[in-house]
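Below, each chain spelled out in residue letters.
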Amino acid sequence: MAPIVAVTRPTLPGTGLERLGQFAEVRLWPDDVNPTPDQLRDLLTGADALLCQNSDRVDAAVLEAGERLRVLALPSAGYDGTDVAAARARGIIVTNTPGVLHETTADLAFALILMARRGLLAAADRLRTGRWTETRLDAYLGLDVTGASLGLIGYGEIGQAVARRAVGFGMTVQHTLSRKPDDALSRAVSLDKLLSTSDVVSLHVPLTEQTRHLIGAAELASMKPTATLVNTARGGVLDESALLAALRAGRLHSAGLDVFDREPRNGVGDPLLEHERVVALPHVGSATEATRARMIDLAVDNIIAVLNDKPPLTPVP
Ligand code: DGY
């Protein structure tokens, strides 16, 4: 009998789903929003494997329904949406997809750095809304990226990919909250030093109990008032109300945000998302056709390996 693989979306990028269909009975969740915990439990019942997004909350109570479940494959680097300890306690292998999305996510982080620092979203908006009427030399003034100092909070594969791009912009790079020492691209410093001396601070740590609200009012206050904060990691790492207060008080130049406390989220009327010095995107860090297809392929490969009694390719650490 073919194994059953539950998938929490009706469609996926690339051809991974077709490959899965040749090997297993694929049970697709028909909606394109996160299933509720009860719906997830129904979907899991009798399934041998689950392919779900990090935003699908898979906690211990949900996992109880997965009596046959052997592998839970996440097509993402992050795995904060899954109770990994509870899964392990049930003998379920959890896998993620490192190594295939860091360059694309670093591109996005750099796009946010450029857009926020140069005020490009507000400038484009003026043009699109018929308000480009002046030709003054003192209009649309942003801050330079070339030659600025970049502070990377977290220096894993995405942080290092951002550092490689920064070198081309003549930026000096420092990093913190990583076991990685100084290297040719970046110098290891304390969090305090990084916050107080960086022109751009970019977040690249996973969301854990230790990193929740790592950047709050005190940390924002210790940054330069001309600094830009970029978050392509997880919304929970940053205290969003403290960020809004800092921007409103002129204690921070700008922010580029791809991730939020609540996702998805309606930006209309949201004071943080509508702030003129905030560039906000709907969690698209890894969203290119090729990268998303690679993420699904790796998740599918992990499922096929485990269900064939082979070791997973990329189990979560
Ligand atoms: C990741 O890989 O964790 C990205 O945020 C996509 O969810």
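Residues numbered from 1 in each chain as written. Predicted model: local features only at pLDDT ≥ 70, side-chain atom pairs only at ≥ 80, totals over all residues.

**Brief notes about helix α11 (residues 289-307)**
Part 1 of the argument: Under the 1.5 Å per step criterion, the end-to-end length of α11 is 27 Å for 19 residues, consistent within 8% with the ideal 27 Å.
Part 2 of the argument: Taken as a whole, α11 has its buried residues at Thr291, Arg294, Met295, Ile296, Leu298, Ala299, Val300, Asn302, Ile303, Ile304 and Val306.
Part 3 of the argument: Where α11 is buried, its residues contact β1 (4-7), α1 (16-23), β3 (49-51), β4 (71-73), β5 (93-95) and α5 (102-118).
Part 4 of the argument: Aspartate 309 sits one or two positions beyond α11 and adopts a positive phi of about 60°. (Helix = DSSP H or I, 4+ residues; strand = E, 2+ residues; numbered from the N terminus. Expected span 1.5 Å × (residues − 1). Buried ≥ 20, exposed ≤ 12 C-beta atoms within 10 Å, placed from the backbone. Contact = placed C-beta atoms within 7 Å.)

**A look at α5**
Part 1 of the argument: Its 17 residues place the ends of α5 24 Å apart at the C-alpha level, agreeing with the 24 Å of an ideal helix rising 1.5 Å per residue.
Part 2 of the argument: Taken across its 17 residues, α5 has 12 buried, putting it largely inside the fold.
Part 3 of the argument: Of all the residues in α5, the buried ones are His102, Thr104, Thr105, Ala106, Leu108, Ala109, Phe110, Leu112, Ile113, Met115, Ala116 and Arg117.
Part 4 of the argument: Of the residues one or two after α5, glycine 119 is the one with positive phi, at around 60°.

**Side note on the sheet that holds β3**
Part 1 of the argument: The five strands lie next to each other as β2-β1-β3-β4-β5, forming an open sheet whose pairing is parallel. Pairing within the sheet leaves two strands with one partner each, and these edge strands are β2 (25-28) and β5. Across the sheet, the mean angle from the axis of one strand to that of its neighbour is 20°, orientation sign disregarded.
Part 2 of the argument: Sitting on the sheet, α11 is in contact with β1, β3, β4 and β5, with an inclination near 170° to β4. (Pairing = 2+ DSSP bridges. Axes fitted to C-alpha atoms, helices over the stretch in contact; angles between N-to-C directions.)

**Digging into the packing of α5 against helix α7 (residues 157-168)**
Relative placement of two packed helices is described by the angle separating their axes and the distance separating the axes.
Part 1 of the argument: Contact geometry of α5 with α7 gives a least axis separation of 8 Å together with a crossing angle of 55°. Judged by the inter-axis angle, α5 sits oblique to α7. In the crossing of α5 with α7, the sense of the turn from one axis to the other is right-handed. Across from His102, Glu103, Thr105, Ala106, Ala109 and Phe110 in α5, the residues of α7 making contact are Glu157, Ile158, Ala161, Val162 and Arg165. (Parallel < 35°, antiparallel > 145°, perpendicular 65-115°, else oblique. Left-handed = near helix turned anticlockwise from the far one by under 90°.)

**So, the pairing of strand β6 (residues 149-153)**
Part 1 of the argument: Of all five residues making up β6, four are buried, and the element is well covered by its neighbours.
Part 2 of the argument: With five bridges connecting them, β6 and strand β7 (residues 172-176) associate as parallel partners. In the strand pairing of β7, serine 149 is matched with threonine 172.
Part 3 of the argument: Taken together, β6, α7 and β7 form a β-α-β motif whose crossover is right-handed.
Part 4 of the argument: Of the strand pairs in this sheet, β6 and strand β9 (residues 200-203) are connected by four bridges, and their pairing is parallel. Bridged to glycine 151 within β9 is valine 201. (Right-handed = clockwise from strand over helix to strand, strands pointing away.)

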